[in-house]
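# Fold and contact review
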Amino acid sequence: MKTTSNNTANNFDNIYVMFHMQKKLWGLQCIGLGDFQDLVRRNCNDLFDCNRDKKTGRFCKPYYTDCTGYVVYEGDMKAKTGRLDFDGEYDTYYAIRLTDTNFAERQAMRKYGWLSDEVTDFLKMMEEDDGIDCEEDEEEEM
């Protein structure tokens, strides 16, 4: 981020945003505010937590699979950020820190609409970096 100072960026560090990427139908969509744990709860009907190696049957680091046994997530089960990758390419959910979002993710947040006052402030702050002329948009509305 070019326009934010460290103090300003720290104000947004504890805000997490969830996205759904589905390449064939909708592309990238913002699905709301929440961290990886919220994303897991949101998709709990499609997730199975496992803690045994498929080949040896021995206990291993916990991971999530879908109903077919495809490994959806391997990593820290208590993480704030993470990715649920249901098919390797076309159906992915992920949660990231607001300050780590890129241009496409911020555009998806703008399309989603109102998220919170803090997110709206962040998006306004990032308009210059994203190449959005907010004065031009205000003139068109009048």
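What comes next concerns the included structure. (Residues numbered from 1 in each chain as written. Predicted model: local features only at pLDDT ≥ 70, side-chain atom pairs only at ≥ 80, totals over all residues. Heavy atoms only, no water.)

## Considerations on the side chain of Arg 106
Within the secondary structure layout, Arg 106 lies in helix 3 (residues 103-112). Side-chain polar atoms of Arg 106 contact the backbone oxygen of Thr 101, separated by 2.6 Å. (Helix = DSSP H or I, 4+ residues; strand = E, 2+ residues; numbered from the N terminus. Polar contact = N/O pair within 3.5 Å; in protein donor to acceptor, adjacent residues only side chain to side chain.)

## Quick look at the pattern of salt bridges
When their charged atoms lie close together, side chains carrying opposite charge are able to pair. A full pass over the atoms with the stated rule returns two salt bridges. A salt bridge links Lys 80 to Asp 35, with the shortest nitrogen-to-oxygen separation between them at 3.4 Å. Residue Lys 80 is located in the loop between strand 5 (71-74) and strand 6 (82-85), and its partner Asp 35 is located in the loop between strand 2 (27-33) and helix 2 (36-42); the two are separated by 45 residues in the primary sequence. With relative accessibility at 46%, the residue Lys 80 sits in the partly exposed group. For Asp 35, a relative accessible area of 11% corresponds to the buried category. In this structure, Arg 41 and Asp 38 form a salt bridge, with 2.5 Å as the shortest nitrogen-oxygen distance. Taken together, the positions of Arg 41 and Asp 38, both in helix 2 and three residues apart, correspond to about one turn of that helix. Take Arg 41: its relative accessible area is 52%, and that puts it in the exposed class. (Salt bridge = Lys/Arg side-chain N within 4 Å of Asp/Glu carboxyl O. Buried < 20%, exposed > 50% of the residue type's maximum accessible area, 1.4 Å probe, protein only.)

## Comments concerning the sheet that holds strand 4 (residues 59-65)
As a general point, the strands of a sheet are linked pairwise by backbone hydrogen bonds and lie either parallel or antiparallel. The antiparallel open sheet is built from three strands, whose spatial order is 3-4-5. Strands with a single pairing partner mark the edges of an open sheet, and in this sheet they are strand 3 (48-52) and strand 5. Pairs of neighbouring strands in the sheet enclose a mean axial angle of 35 degrees, with direction left out of account. Summarising the sheet, strand 3 and strand 4 pair through four bridges and their orientation is antiparallel. Bridging across to strand 4, Phe 48 finds its partner in Thr 65. (Pairing = 2+ DSSP bridges. Axes fitted to C-alpha atoms, helices over the stretch in contact; angles between N-to-C directions.)

## Description of helix 3
Residues spaced three or four apart along an α-helix point in a common direction, a consequence of the helix completing one turn every 3.6 residues. Among all positions in helix 3, only Glu 105, Arg 106, Ala 108 and Met 109 are buried. The buried residues of helix 3 occupy one face: seen down the axis, they fall within an arc of 155 degrees. Next to the buried residues of helix 3 lie strand 1 (16-22), strand 2, strand 7 (91-97) and helix 4 (117-130). For helix 3, the side-chain oxygen to backbone nitrogen distance between the N-cap and Ala 104 is 3.1 Å, and the N-cap itself is Asn 102. In the segment just after helix 3, Gly 113 is the residue with positive phi, at about 105 degrees. (Arc of directions from axis to C-beta. Contact = heavy atoms within 4.5 Å.)

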